[in-house]
Amino acid sequence: MINIEKDYPLDRLNTFGMSVKAPWFSVLRQKEDCTVLASAAPESKSLLILGGGSNMLFTRQPDQWVIKNEVKGIELIREDATHVWLSVGAGEVWHEFVLYCISRQYCGIENLALIPGTVGAAPIQNIGAYGVEVKQLIDRVHFWDIENGSFAYLDNEDCRFGYRDSIFKQTLKGKYIITAVEWKLSKTPALNTSYGNIKEELEKMGIENPGIKDVADAVIAIRSAKLPDPKVVGNAGSFFKNPEVDNEIYAAIKANYAEAPGYKAGADKTKIPAAWLIEQCNWKGFRQGDAGVHPKQPLVLVNYGNASGSEIFLLSTQIIESVNKKFGITLEREVQII
Ligand SMILES: Cc1cc2nc3c(=O)[nH]c(=O)nc-3n(C[C@H](O)[C@H](O)[C@H](O)COP(=O)(O)OP(=O)(O)OC[C@H]3O[C@@H](n4cnc5c(N)ncnc54)[C@H](O)[C@@H]3O)c2cc1C
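To start, this report covers the structure provided alongside it. Since this is a predicted model, take the numbers as computed values, not measurements.

## Examining the site of the ligand
Moving on, step 1. Near the ligand lie 32 residues; those nearest to it are I49, G51, G52, S54 and T118.
Moving on, step 2. At 3.2 Å, a side-chain N or O of N69 approaches a nitrogen atom of the ligand.
Moving on, step 3. In the model, a nitrogen atom of the ligand is placed 2.8 Å from a nitrogen or oxygen of the G128 main chain.
Moving on, step 4. Compared with its free state, where it exposes 980 Å², the ligand has 93% of that area covered by protein.
Moving on, step 5. The set of elements that each furnish at least two residues to the shell around the ligand consists of β3 (47–50), β8 (128–129), β12 (176–186) and β13 (234–238).
Moving on, step 6. Tallied by class, the residues present in the shell around the ligand amount to 16 nonpolar, 14 polar and two charged.

## Description of the sheet that holds β3
Moving on, step 1. The four strands are arranged β1-β2-β5-β3 in an open sheet whose pairing can be described as mixed. In this open sheet, the two edge strands, each paired with only one partner strand, are β1 (5–9) and β3. The sheet shows a mean angle of 45° between the axes of neighbouring strands, direction not considered.
Moving on, step 2. Where strand β2 (residues 21–28) meets strand β5 (residues 65–69), five bridges bridge the pair, whose relative direction is parallel. Across the sheet, residue S26 finds its bridge partner in β5, namely I67.

## Observations regarding the sheet that holds strand β14 (residues 244–246)
Moving on, step 1. Read across the open sheet, the three strands follow the order β14-β16-β15; overall the sheet is antiparallel. In this open sheet, the two edge strands, each paired with only one partner strand, are β14 and β15 (263–264).
Moving on, step 2. In terms of strand pairing, β15 meets strand β16 (residues 269–271) through two bridges, oriented antiparallel. If you follow Y263 over to β16, its bridge partner there is K271.

Procedures and definitions
- Residues numbered from 1 in each chain as written.
- Predicted model: local features only at pLDDT ≥ 70, side-chain atom pairs only at ≥ 80, totals over all residues.
- Heavy atoms only, no water.
- Near = heavy atom within 4 Å.
- Polar contact = N/O pair within 3.5 Å; in protein donor to acceptor, adjacent residues only side chain to side chain.
- Areas by Shrake-Rupley, 256 points an atom, 1.4 Å probe, with all protein chains shown as cover.
- Helix = DSSP H or I, 4+ residues; strand = E, 2+ residues; numbered from the N terminus.
- Nonpolar A, V, L, I, M, F, W, Y, C, P; charged D, E, K, R; others polar.
- Pairing = 2+ DSSP bridges.
- Axes fitted to C-alpha atoms, helices over the stretch in contact; angles between N-to-C directions.

Shown next, in the form of structure tokens:
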């Protein structure tokens, strides 16, 4: 059953805290309800699917039918001596799913603790943190094909996962509702503690022989200290992707800025932290009205209270222009602009 509400406030349903209203709003609680969407559609047939609203910026009042995905459920579909396969409803809260896996010793997902949002959104931008991306753990993505009016799925290799990217952000954009994601997780820990300062954090915690829960606790401690909590100050995490540039471009930057950080991204490319580029352009801690650049983490744009989506968007444009002028690199927004 699909219930439609009119002029529904979305303030609490997007982590930037933008004060917008959905002209029509429904909650999708079971995947079977996808089959009645076409016949139940109000005036607007175009859909905007909402998970946790933690990767979107509303720059205007939406004119679509907003569907909040709350399809729940975690099912063990298969296991062998080394692995488990889980099917997880798209509306499950990501961090709760991570904790569920940790409590059962399902390994590989622990570095992704505390990322906001839902399980169904995870494949869309191939979420990642601390050296792990979900493309390493996803077996299959199930979705409702809006155009064809049928259920379908894609195996991992057909999802065309890339850095904060997948087929769901490209050719399939706007054409699907993800209903469930199948995960393949290991029964044996293979800890990945080399990224960021996980090792230092574990030492600080006095842990010599860490397990997956310890790694998740370390990640949670680091993230909590570093990133602004959207419940306190509106934000959507990293606003920009880290640019991958030709090695020659990086070498030219390095010639002028010996300290410029860079990480190998294949043979010909270097990934430069966007935060460093933004900081070099003096944006760190910048504030205009209620729109700002976080004082500790310049990759994060923040709403201190009553900034509008277009003010945040304008700030992001100014940042892109100044980084381009100084370094000749065009930053790409990671956040979905509505
Ligand atoms: C403080 C903070 C820290 C963050 N840290 C990280 C990080 O470390 N790594 C990282 O990768 N990301 C990070 N993010 C970004 C965000 O958490 C992820 O992108 C997350 O996957 C978004 O999930 P969501 O459910 O909130 O998606 P939403 O913001 O609701 O939606 C994002 C996009 O996906 C679409 N969508 C959502 N669900 C569905 C569905 N079921 N079917 C079809 N389309 C759908 C929406 O229409 C929209 O286009 C961070 C965000 C915040 C606020």
